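# Descriptive analysis of the structure
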Amino acid sequence: MTDLFAKFDPLIQQRQQLLDGGVTDPFNLVMERVESPTVAICNGKRTILLGTYNYMGMTFDPDVIAAGKQALDDFGSGTTGSRVLNGTYAGHRAVEDALKDFYAMDHAMVFSTGYQANLGVISTIAGKDDYIVLDIDSHASIYDGCALGNAQIVPFRHNDIDALEKRLKRIPEGAGKLVVLEGVYSMLGDIAPLKEMVAVCKANGTMVLVDEAHSMGFIGEHGRGVAEAQGVIDDVDFIVGTFSKSVGTVGGFCVSNHPKFEILRLVCRPYVFTASLPPSVVATAATSVRKLMDSADKRAHLWENSKRLHAGLRQLGFTLGTDEPQSAIIAVIMPDLETGAAMWEALLHEGLYVNLARPPATPAGMTLLRCSLCALHSEEQVGEILGMFAAAGRATGCLS
Ligand SMILES: Cc1ncc(COP(=O)(O)O)c(C=O)c1O
């Protein structure tokens, strides 16, 4: 019998080598108790959370929690059905209404995850003979959406406006085409030049989808994302987002002003052939989305945190993913996986959780310690975090 797992042998060996060196498995950490959006107990120790995507700290918001409890009481624990059968409850409509209001758009469609939103929308609107032009550093869910629809994938160099234009001009006349971009790229925390890119797309008669997973709630005057901040939201055809980051729960969505958008509810397989979100989840999401509309103070504090952490890490001597803070993600570039894992573990011993990110998730084979800030991190916590980076950096030899 051929061993279908043989292809994983190099990864199994690499992982074993790391564990044999005495390193805690960075991909198997258990949060034993979660006290707040910024603090949990891990390995019995109070740990500051700096790798959760909980940008706006909504997971413990009292109104959000109350809405979830009420929905559990009123509607039960799950829908046990697809949105197109028995799985559309009042709460699913309510969260779609909240999203329409949040983005000031005509249509909103909620999926069970952000992954499924990309999978569903991309694969349904761009099929076998269509072309999808996308940034090479796009999220896995975008690539998987392209693969599911069997579209022709045309990648271009990360954030390169000229490369995007060249690829678009090479697409055969009359072919269907879609450009897929992200507002914030989650590995390095850098933003896309959407103003220029969306202009290029419009000049070439191309529809544009922007995944604003890491910017919703935080970036832009109303928290609508990078497209809003750069003044091009009205020229974007589809915005995809998630409830698993700033919204603080789970789920995904697409909003659009396209007049035929609603037909997707009948033809989009990752929407039709799966159970809808539980009532408690859509109730928490709707409450959170509405509260995010009115969160300018939190957005301002999160920018302060991002600037403070970026400047502090730089001053300590770490190499960062961006020259300036561009989002709530600050990536610390490690020289290799072994050093990255050692530093990750040293930080955990100090009482700090960050994400260890490695290829293939990262661009250019990089190992990263990815920090994602929360609007509820206090100034003192950011100071503590910098102290922990200094201590772990010295303990591992990353800093002299
Ligand atoms: C850019 C981007 N899009 C989509 C997703 C998927 O979101 P979800 O966690 O809701 O599946 C993620 C999650 O990490 C993401 O980073």
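You'll find the structure just up there.
About the criteria used
Residues numbered from 1 in each chain as written. Predicted model: local features only at pLDDT ≥ 70, side-chain atom pairs only at ≥ 80, totals over all residues. Heavy atoms only, no water. Patch = residues over 30% accessible without salt bridge, like charges linked within 9 Å, V, L, I, M, F, W, Y side chains within 5 Å. Areas by Shrake-Rupley, 256 points an atom, 1.4 Å probe, with all protein chains shown as cover. Salt bridge = Lys/Arg side-chain N within 4 Å of Asp/Glu carboxyl O. Helix = DSSP H or I, 4+ residues; strand = E, 2+ residues; numbered from the N terminus. Buried < 20%, exposed > 50% of the residue type's maximum accessible area, 1.4 Å probe, protein only. Axes fitted to C-alpha atoms, helices over the stretch in contact; angles between N-to-C directions. Parallel < 35°, antiparallel > 145°, perpendicular 65-115°, else oblique. Left-handed = near helix turned anticlockwise from the far one by under 90°. Contact = heavy atoms within 4.5 Å. Expected span 1.5 Å × (residues − 1). Pairing = 2+ DSSP bridges. Phe/Tyr/Trp six-rings, centres within 6.5 Å; stacked < 30°, edge-to-face > 60°. 1 Å grid on protein atoms, 1.4 Å probe; cavity = no way out; pocket = protein on both sides within 12 Å on 5 of 7 lines; lining within 4 Å. Points joined across faces, edges and corners; volume = space filled by probe spheres on them. Nonpolar A, V, L, I, M, F, W, Y, C, P; charged D, E, K, R; others polar.

### Focus: a nonpolar patch on the surface
On the surface, Val84, Leu85, Ile263, Leu266 and Val267 cluster together into a nonpolar patch covering about 500 Å² of accessible area. In this structure, Leu266 sits in helix H9 (residues 264-267). Note on Leu266: relative accessible area 63%, which makes it exposed.

### Observations regarding the packing of helix H12 (residues 296-316) against helix H14 (residues 379-396)
At a closest axis distance of 10 Å, the pairing of H12 and H14 adopts a crossing angle of 20°. With respect to H14, the axis of H12 lies roughly parallel. Every pair of crossing elements has a handedness; the one defined by H12 and H14 is right-handed. Across the interface between the two elements, Asn305, Arg308, Leu309, Gly312, Leu313 and Leu316 of H12 pack against Glu379, Val382, Ile385, Leu386, Phe389 and Ala390 of H14.

### Side note on helix H11 (residues 279-292)
Look at H11: 20 Å from first C-alpha to last across 14 residues, which is about the 20 Å you get at 1.5 Å a residue. For H11, the secondary structure elements touched by its buried residues are helix H2 (62-75), helix H3 (90-103) and H12.

### Some details on the pairing of strand E7 (residues 177-182)
Counting buried positions along E7 gives 5 out of 6 residues, so the element sits mostly inside the fold. One ladder, built from 4 bridges, connects strand E5 (residues 131-135) with E7; its direction is parallel. Note that in E7 the partner of Leu134 across the bridge is Val180.

### Some points on the packing of aromatic side chains
Under the definition given, this model contains 11 aromatic pairs. Measuring from ring centre to ring centre gives 5.6 Å for Phe5 and Phe8, while their planes differ by 80°; the resulting arrangement is edge-to-face. Given the relative accessible area of 57%, Phe5 is considered exposed. The exposure class assigned to Phe8 is partly exposed, which follows from its relative accessible area of 38%.

### Overview of the layout of surface pockets
Here the largest pocket is characterised by a volume of approximately 730 Å³. Residue lining of the largest pocket: 35 residues in total, with Ser138, His139, Ala140, Ser186 and Met187 positioned closest to the centre. Mapped by element, the contributors of at least two residues to the lining of the largest pocket are helix H4 (114-125), helix H5 (140-149), strand E8 (184-185) and strand E11 (238-242). When its residues are assigned to classes, the lining of the largest pocket shows 15 nonpolar, 14 polar and 6 charged.

### Observations regarding the packing of H2 against H11
Contact geometry for H2 and H11: axes closest at 7 Å, N-to-C directions at 150°. Classed by the angle they form, the pair H2 and H11 counts as roughly antiparallel. The way H2 lies across H11 gives a crossing that is right-handed. Contact residues: H2 offers Asp63, Val64, Ala67, Gly68, Ala71, Leu72 and Phe75, while H11 offers Pro279, Ser280, Ala283, Thr284, Thr287, Ser288 and Lys291. Across the contact of H2 with H11, the residue classes tally to 7 nonpolar, 5 polar and 2 charged.

### With respect to empty space enclosed by the protein
In this approach, a probe sized like a water molecule rolls over the atoms, and the result shows the empty space that is left. Evaluation of the coordinates by the stated rule reveals 1 cavity of 30 Å³ or more. For the largest cavity, the calculated volume is near 50 Å³. If you go around the largest cavity, the residues you meet are Arg83, His92, Val110, Phe111, Ser112, Pro270, Tyr271, Thr274, Ala275, Ser276 and Leu277. When contributions to the lining of the largest cavity are tallied by element, the ones reaching two or more residues are strand E4 (107-111) and helix H10 (269-272).

### Some thoughts on the sheet that holds strand E16 (residues 367-372)
Hydrogen bonding along the main chain pairs the strands of a sheet, whether they run parallel or antiparallel. Pairing is antiparallel in the open sheet, where 3 strands are placed in the order E13-E16-E15. Of all the strands in the sheet, just strand E13 (329-334) and strand E15 (355-357) have a single pairing partner and so form its edges. Adjacent strand axes in the sheet meet at a mean angle of 25°, parallel and antiparallel pairs treated alike. Where E15 lies against E16, 3 bridges are found, and the strand directions are antiparallel. Looking across to E16, one finds that Leu356 is bridged to Leu369. Sheet strands in contact with helix H13 (residues 337-350) are E13, E15 and E16, and its direction is about 35° off that of E16.

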